[in-house]
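Listed below are the residues making up each chain.
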Amino acid sequence: MAFAAEKLQSDDALLDAYSSSVADAVDRIGPAVCRIERIGAGGHGSGFVIAQDGLVVTNFHVVGDARAVRVTMPDGASREGQVLGRDPDTDIALVRADGSFADIAPLGDSKRLRRGQIAIAIGNPLGFEWTVTAGVVSALGRSMRASTGRLIDDVIQTDAALNPGNSGGPLVSSAGEVIGVNTAMIHGAQGIAFAVASNTANFVISEIIRFGRVRRAFIGVSADTTNLPRRAALLSQVTTNTAVRLRSVEKNGPAAKAGLKEGDIIAAIDGRPVTGVDDLVRMLDAERIGRETLCTVVRRTGVSQVAVMPVARAN
């Protein structure tokens, strides 16, 4: 009886710790989560404020082609916002809302995520304002197809329940940081939902702020994050234990013309380690368009250097 009582008490303590972690994260991020509606058009979604001057992150498919949106905060305050830029390839959009905001939702480092850690989704599903669901990070480095037909790489899979209206809201860690932007669920499946990783969102936001759009170099590959064997890391002269594996190589694209093949592992670009898909996305920026780029490639036959000439990616 004493053992059973102790076990019950221990279980209660664990549950309290979990509940406290979720509640604390929601208290920190929840006030910065907003409802977004297109002005003059139907439909709504979620978003979150990342800067006190009114920068709001949401999904591209939430704002669509709208120039103006209505941003409503949890306290009921409603403001008009202008769409600063959108990136269909990652389903991310950036809005500037009128006024100043006391509460913000900081973007965390999605590269530090681990499978199994707590994931909390906050948003406005099915018209139910500021709903919270919780689960875990189910998988990392997934790919999913954007509305443009291109693959969004470095996507987080979670079992935190998402429904229409959750789109554009934050996926939050127990530390109270945004680790992803909720973007999609699989219809007819339970416990399978996706969020664009915060590092990818951060890259897109930076590009929109600087240039009004996302400029990219294009080599014609899709890839997944993979483990890099220690021997391969030593031969590649990198100190990391992850890299990217090419899942497909577009026929007649720059990568194919350079000799890259499906299954190749890219460990570094111009000597800089490529630890994951988000690194590959960031490194293929406008600076590399038309500039010879040296890829350190790991194959069964060994490690080699492959020169690729990226081209400008069509918008």
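Structure: see above.
Regarding the overall build of the protein chain
- Along the backbone of the protein chain there are six helices and 20 strands.
- For the protein chain, the C-alpha radius of gyration of 21 Å lies close to 20 Å, the compact-globule estimate for 315 residues.
- With the C-alpha coordinates of the protein chain rotated into their principal frame, the extents come out at 65 × 60 × 35 Å.
- Looking at the protein chain residue by residue over its 315 residues, the buried ones come to 48%.
- Counting only contacts in the protein chain whose residues sit at least 6 apart along the sequence, the fraction spanning at least 24 positions is 59%.
- Charged side chains in the protein chain number 34 positive and 33 negative. The centres of these two groups are separated by 10 Å.

Thoughts on the packing of aromatic side chains
- Under the criterion given, the structure shown has zero aromatic pairs.
- Across the ring face of F101, the terminal group of R79 is positioned such that the distance to the ring centre comes to 4.2 Å.
- For the cation-ring pair, R215 lies above F211, with the distance from its terminal atom to the ring centre recorded as 3.7 Å.

Some remarks on the sheet that holds strand β5 (residues 78-87)
- Reading around the circumference, β1-β2-β3-β6-β5-β4 is the order of the six strands in this closed barrel, with antiparallel pairing throughout. Put simply, the sheet's adjacent strands are angled 40° from each other on average, direction ignored.
- Each of β3 (55-58), β5 and β6 (92-97) is contacted by helix α3 (residues 198-211), which is oriented at about 55° to β6, the strand it contacts most.

Description of the pairing of strand β4 (residues 68-72)
- Across the five residues of β4, four count as buried, placing the element largely inside the fold.
- Of the pairings in the sheet, the one linking strand β1 (residues 33-38) to β4 comprises four bridges and is antiparallel in character. Residue pairing for β4: R35 is matched across the bridge by T72.
- In terms of strand pairing, β4 meets β5 through five bridges, oriented antiparallel. When the bridges of β5 are listed, V71 appears paired with R79.
- Joining the antiparallel neighbours β4 and β5 is a turn of five residues, in which G76 adopts a positive phi near 95°.

The rules behind these values
Residues numbered from 1 in each chain as written. Predicted model: local features only at pLDDT ≥ 70, side-chain atom pairs only at ≥ 80, totals over all residues. Heavy atoms only, no water. Helix = DSSP H or I, 4+ residues; strand = E, 2+ residues; numbered from the N terminus. Rg over C-alpha atoms; globule rule 2.2 N^0.38 Å. Buried < 20%, exposed > 50% of the residue type's maximum accessible area, 1.4 Å probe, protein only. Contact = heavy atoms within 4.5 Å. Lys, Arg positive; Asp, Glu negative; His and termini not counted. Charge placed at Lys NZ, Arg CZ, Asp CG, Glu CD. Phe/Tyr/Trp six-rings, centres within 6.5 Å; stacked < 30°, edge-to-face > 60°. Lys NZ or Arg CZ within 6 Å of the ring centre and 35° of its normal. Pairing = 2+ DSSP bridges. Axes fitted to C-alpha atoms, helices over the stretch in contact; angles between N-to-C directions.

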